[in-house]
Amino acid sequence: QVQLVESGGGLVQVGGSLRLSCAASGSIFSINSMGWYRQAPGKQRELVATITSGGSTKYADSVKGRFTISRDNAENTAYLQMNSLKPEDTAVYYCNAYIGAYEMNYWGKGTLVNVSS
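Rules used throughout
Residues numbered from 1 in each chain as written. Predicted model: local features only at pLDDT ≥ 70, side-chain atom pairs only at ≥ 80, totals over all residues. Heavy atoms only, no water. Salt bridge = Lys/Arg side-chain N within 4 Å of Asp/Glu carboxyl O. Helix = DSSP H or I, 4+ residues; strand = E, 2+ residues; numbered from the N terminus. Buried < 20%, exposed > 50% of the residue type's maximum accessible area, 1.4 Å probe, protein only. Pairing = 2+ DSSP bridges. Contact = heavy atoms within 4.5 Å. Polar contact = N/O pair within 3.5 Å; in protein donor to acceptor, adjacent residues only side chain to side chain. Disulfide = S-S within 2.5 Å.

A.B. asks: It is not clear to me how the pattern of salt bridges should be interpreted in this structure. Could you clarify?
C.D. replies: Pairing between side chains of opposite charge can happen when their charged atoms approach one another. Evaluated as defined, the whole model comprises four salt bridges. Arg-38 is the partner of Glu-46 in a salt bridge, and the nearest nitrogen-oxygen pair spans 2.7 Å. The shortest N-O distance in the salt bridge between Arg-38 and Asp-89 comes to 2.9 Å. Linking Arg-38 in strand E4 (residues 31-39) with Asp-89 in the loop between strand E8 (77-82) and strand E9 (91-99), this pair joins segments that are 51 residues apart in sequence. Looking at Arg-38, the relative accessible area reads 6%, which means it is buried. Within this structure, Arg-38, Glu-46, Arg-66 and Asp-89 form a network of salt bridges that share partners.

Here it is as structure tokens:
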């Protein structure tokens, strides 16, 4: 059974920084793409950033230049460095991964990021 566990969320002031981590564990042979999504109260879940096993990245326009996604393939871990945080970044952030030859999709339970003004 594969699990994704997020950590690093919390309360931060406008302009501050946080670093989220997503650790994958379980029966993992290979992890293809990993990503971060977020869901603000009353809104749909949206893509924040993704990264392939080769390191190619994609970002939502709203976070470009402020957030950086990275991964440590040896540790099966993805990171999201978030700088210059804004109140509109407040949301539950979820880790997502496509794992294995059949690209099974997994989600973490989320970590709350609260940006106060």
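A.B. asks: How do you make sense of the pairing of E9 when you look at a structure like this?
C.D. replies: On any regular strand, side chains alternate: one points to one face of the sheet, the next to the other face. Among the nine residues that make up E9, seven are buried, leaving the element largely enclosed by the rest of the structure. One ladder, built from four bridges, connects E9 with strand E10 (residues 104-107); its direction is antiparallel. If you follow Tyr-98 over to E10, its bridge partner there is Asn-105. Counting the residues between successive antiparallel strands, the hairpin from E9 to E10 contains four residues, one of them, Gly-100, with a positive phi of roughly 85°.

A.B. asks: I'm lost on the environment of Glu-6 in this one. Help?
C.D. replies: Within the secondary structure, Glu-6 sits in strand E1 (residues 3-7). Residue contacts for Glu-6: discarding those within four places in its chain leaves Ser-21, Cys-22, Trp-36, Tyr-93, Tyr-94, Cys-95, Gly-108, Lys-109, Gly-110 and Thr-111. A polar side-chain atom of Glu-6 sits 2.9 Å from the main-chain amide nitrogen of Gly-110.

A.B. asks: Any chance you could explain the state of the cysteines here in plain terms?
C.D. replies: Cysteine pairs can be linked by a disulfide, which is a covalent bond between their two sulfur atoms. One pass over the full model with this rule turns up one disulfide. Disulfide pairing is shown between Cys-22 and Cys-95; the S-S distance is 1.9 Å. Because the torsion about its S-S bond is -80°, the bridge between Cys-22 and Cys-95 counts as left-handed. Of this pair, Cys-22 sits in strand E3 (residues 18-25) while Cys-95 sits in strand E9, placing them 73 residues apart in sequence. The burial state of Cys-22 is the same as that of Cys-95; both residues are buried.

A.B. asks: Whenever I open this one, the environment of Arg-38 confuses me. Can you help?
C.D. replies: Placed 52 residues apart in sequence, Arg-38 and Thr-90 show a C-alpha to C-alpha distance of 8.7 Å. A polar atom in the side chain of Arg-38 sits 2.7 Å from the side chain of Glu-46. For Arg-38, the side chain forms a polar contact with the side chain of Ser-62, separated by 3.4 Å.

Read these as geometric descriptors, not functional statements.
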